[in-house]
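# Inside the fold
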Amino acid sequence: MRTTVGIIGAGPAGLLLARLLHNAGIGSVVLESRDRAYVEQRQRAGILEQGTVDVLRAAGAGDRMDREGLRHDGIELRFDRRRHRVDFPELTGGRSVMVYAQTEVCKDLIALQLKEGGPLLFEAEALAVEDADTDSPRVRFRHEGREDVLECDYVVGCDGFWGVARNAIPEELTQVFERTYPFGWLGILADVPPSHDELVYARHDRGFALLSMRSPSVSRLYLQVPEGTDAEEWSDEEIWNELERRFETADDWHLERGPITQKSVTPMRSYVHEPMRHGRLFLAGDAAHIVPPTGAKGLNLAVGDVVTFARALVHLQETGSPERLDAYSETCLRRVWQAERFSYAMTTLLHRMPDATPFEDRIQLARLERITDARSAEQDLAESYTGFPLE
Ligand code: RFL
Ligand code: PHB
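All figures in this text were calculated on a predicted structure; none of them were measured in a lab.

With that settled, the discussion passes to the site of ligand 1. Near ligand 1 lie 35 residues; those nearest to it are Glu32, Arg42, Gln102, Asp286 and Leu299. Interatomic distance of 2.9 Å between a backbone N/O atom of Ala126 and a nitrogen atom of ligand 1. Between ligand 1 and the protein, one listed contact pairs an oxygen atom with a side-chain N or O atom of Asp286 at 2.7 Å. Protein contact buries 89% of the 1000 Å² of open area that ligand 1 shows by itself.

Right under this line is the structure:
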């Protein structure tokens, strides 16, 4: 098999890239190791930055998002039983975010690709990227019990944190920056209308909690739990009790309970692989970088990477200049490090470290008060949360 761009992975990065290339008249083949149902149901991100919304619309993948997505103009910070609303449009000159689940973004892009785009092979596992530093890189993969080779002009590794593409970059050219956190998030889906109409980020002495949503009738909630926690250790009642404590306010706000339909634990890490390119192999999304979910940046970064790649390839085809493709890694990494900075800041602002000293607790509260009291600090949060424009 032969194509212009071989794409490994059908998460948001790989699927959107295939769509952008299709719209530009550039051929691609997507290889995805899992089956379609798995990819469409994997619970993950919920927040799309304004820039991501704009990209999906321009790619012709925004119809259902515009019908069913929920525009959010702010978030609430909760600490010390107090509530503080951060008003995005007012602080950023009109920017907002959209609540529309990653599962739905993937469903929309898969349907479009199967209807209009190039081949998208499920249960096709990439085994290795070969000859990345030549003009004809290849992906060796297994599909329907047989090994095959995809010959490409370019390979984009959109295969997530556990993928294989990254392994094709020689270790001596690689630098990895990493931080793991001694806690994770226990996330639940519940059939109950969200108890607040915007997301609530709560800092509590017992740990962080987040109230989010998937629709007007489905809540998504998270609790900070110790690293290595098994979701099954928590009964539904214990989860609701703990959420109730951490969201507690001085006023009469009340957390509605409902049947829990799913629960799982996500570890938290920050990770950056530099460079994001080797020869004709490009890494995009979680394959190159991970952020803790506190800043809601992972999916949005993946979108930024593939937009940068698609624009650079179109530029090369239109002008003959490889300049933008050559700058891919540096262009993406500038945005990636801003997202790493923000995700780290939000994580350390809101989570309780297991070994936190009373001094550190007070500093955390002082940082929160700075955001509620100083417009410049609040504005910095609002600008980072709604996202930096693509270059
Ligand atoms: P994905 O989504 O992991 O997709 C990679 C795909 O590659 C496939 N694959 C392979 N295919 C073929 N051959 C191989 N050898 C392969 N190895 C792997 C996998 O099966 C998979 O389908 O990466 P991508 O596309 O880069 O997308 C990244 C996002 O999924 C991720 O950053 C976000 O989900 C992170 N994230 C959030 N991001 C946000 O922007 N906003 C949020 O609100 C947000 N909340 C979250 C999150 C992630 C979370 N978890 C579970 C880590 C909340 C949570 C709880
Ligand atoms: C989610 O809805 O899953 C979500 C929202 C905001 C975050 C992380 C996850 O910061």
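Below, the discussion takes up the side chain of Gln113. Considering the arrangement of structural elements, one finds Gln113 in helix α6 (residues 102–116). The contacts of Gln113, once residues within four sequence positions are left out, are Ala18, Arg19, Gly118, Pro119 and Leu120.

If you walk through the whole model with that rule in mind, you get 16 aromatic pairs. An aromatic cluster of three or more residues is present, and its members are Phe88, Trp185, Tyr201, Phe208, Tyr222, Phe342 and Tyr385. For the cation-ring pair, Arg34 lies above Tyr38, with the distance from its terminal atom to the ring centre recorded as 3.7 Å. Over the face of the ring belonging to Phe161 we find Arg166, whose NZ or CZ atom lies 5.1 Å from the ring centre.

Looking now at the packing of helix α10 (residues 328–350) against helix α12 (residues 375–386). Taken N-terminus to C-terminus, the directions of α10 and α12 make an angle of 125°; their axes are 10 Å apart at the nearest point. When the axes of α10 and α12 are compared, the pair comes out oblique. Where α10 crosses over α12, the handedness of that crossing is left-handed. Only Asp380, Leu381, Ser384 and Tyr385 of α12 make contact with α10, whose side of the interface consists of Arg341, Phe342 and Met346. Looking at side-chain class alone, the contact of α10 with α12 contains four nonpolar, one polar and two charged residues.

Let's shift gears to the sheet that holds strand β4 (residues 70–72). Strand order in the open sheet formed by three strands is β3-β7-β4, with antiparallel pairing between adjacent strands. Two strands lie at the open edges of the sheet, namely β3 (47–49) and β4, each paired on one side alone. Each neighbouring strand pair of the sheet contributes to a mean axis angle of 30°, computed without reference to strand direction. Looking at chain direction, β3 and strand β7 (residues 97–99) are connected through three bridges and run antiparallel. When the bridges of β7 are listed, Leu48 appears paired with Met98.

Bringing the site of ligand 2 into the picture now. Taken together, 14 residues surround ligand 2, and among them Tyr201, Ser212, Arg214, Tyr222 and Pro293 come closest. Within the side chain of Tyr222, a nitrogen or oxygen atom sits 2.6 Å from an oxygen atom of ligand 2. Here Thr294 contributes a backbone N or O atom positioned 3.4 Å from an oxygen atom of ligand 2. When the free accessible area of ligand 2 is taken as 280 Å², the share hidden by the protein chains comes to 97%. Within the residue set of the shell around ligand 2, elements represented by two or more residues are β13 (199–203), β14 (209–215) and β15 (218–226). The element best represented in the shell around ligand 2 is β14, accounting for three residues. Classifying every residue of the shell around ligand 2 gives eight nonpolar, three polar and three charged.

Any space left empty among the atoms is revealed by the rolling of a water-sized probe across them. The final tally for this structure, using the stated rule, is two cavities of 30 Å³ or more. Its volume calculated, the largest cavity comes out at about 50 Å³. For the largest cavity, the full set of lining residues is Glu49, Lys297, Asn300, Leu301, Arg335, Ala339 and Phe388. Mapped by element, the contributors of at least two residues to the lining of the largest cavity are α8 (298–319) and α10. Here the lining of the largest cavity is composed, by residue class, of three nonpolar, one polar and three charged. As a volume, the second largest cavity reaches approximately 30 Å³. Every residue lining the second largest cavity is listed: Val39, Arg42, Arg44, Gln102, Thr103 and Cys106. Sort the elements by how many residues they give to the lining of the second largest cavity and α6 lands first, with three residues. Among the residues forming the lining of the second largest cavity, the class breakdown is two nonpolar, two polar and two charged.

Conventions we followed
- Residues numbered from 1 in each chain as written.
- Chains lettered and ligands numbered in written order.
- Predicted model: local features only at pLDDT ≥ 70, side-chain atom pairs only at ≥ 80, totals over all residues.
- Heavy atoms only, no water.
- Near = heavy atom within 4 Å.
- Polar contact = N/O pair within 3.5 Å; in protein donor to acceptor, adjacent residues only side chain to side chain.
- Areas by Shrake-Rupley, 256 points an atom, 1.4 Å probe, with all protein chains shown as cover.
- Helix = DSSP H or I, 4+ residues; strand = E, 2+ residues; numbered from the N terminus.
- Contact = heavy atoms within 4.5 Å.
- Phe/Tyr/Trp six-rings, centres within 6.5 Å; stacked < 30°, edge-to-face > 60°.
- Lys NZ or Arg CZ within 6 Å of the ring centre and 35° of its normal.
- Axes fitted to C-alpha atoms, helices over the stretch in contact; angles between N-to-C directions.
- Parallel < 35°, antiparallel > 145°, perpendicular 65-115°, else oblique.
- Left-handed = near helix turned anticlockwise from the far one by under 90°.
- Nonpolar A, V, L, I, M, F, W, Y, C, P; charged D, E, K, R; others polar.
- Pairing = 2+ DSSP bridges.
- 1 Å grid on protein atoms, 1.4 Å probe; cavity = no way out; pocket = protein on both sides within 12 Å on 5 of 7 lines; lining within 4 Å.
- Points joined across faces, edges and corners; volume = space filled by probe spheres on them.

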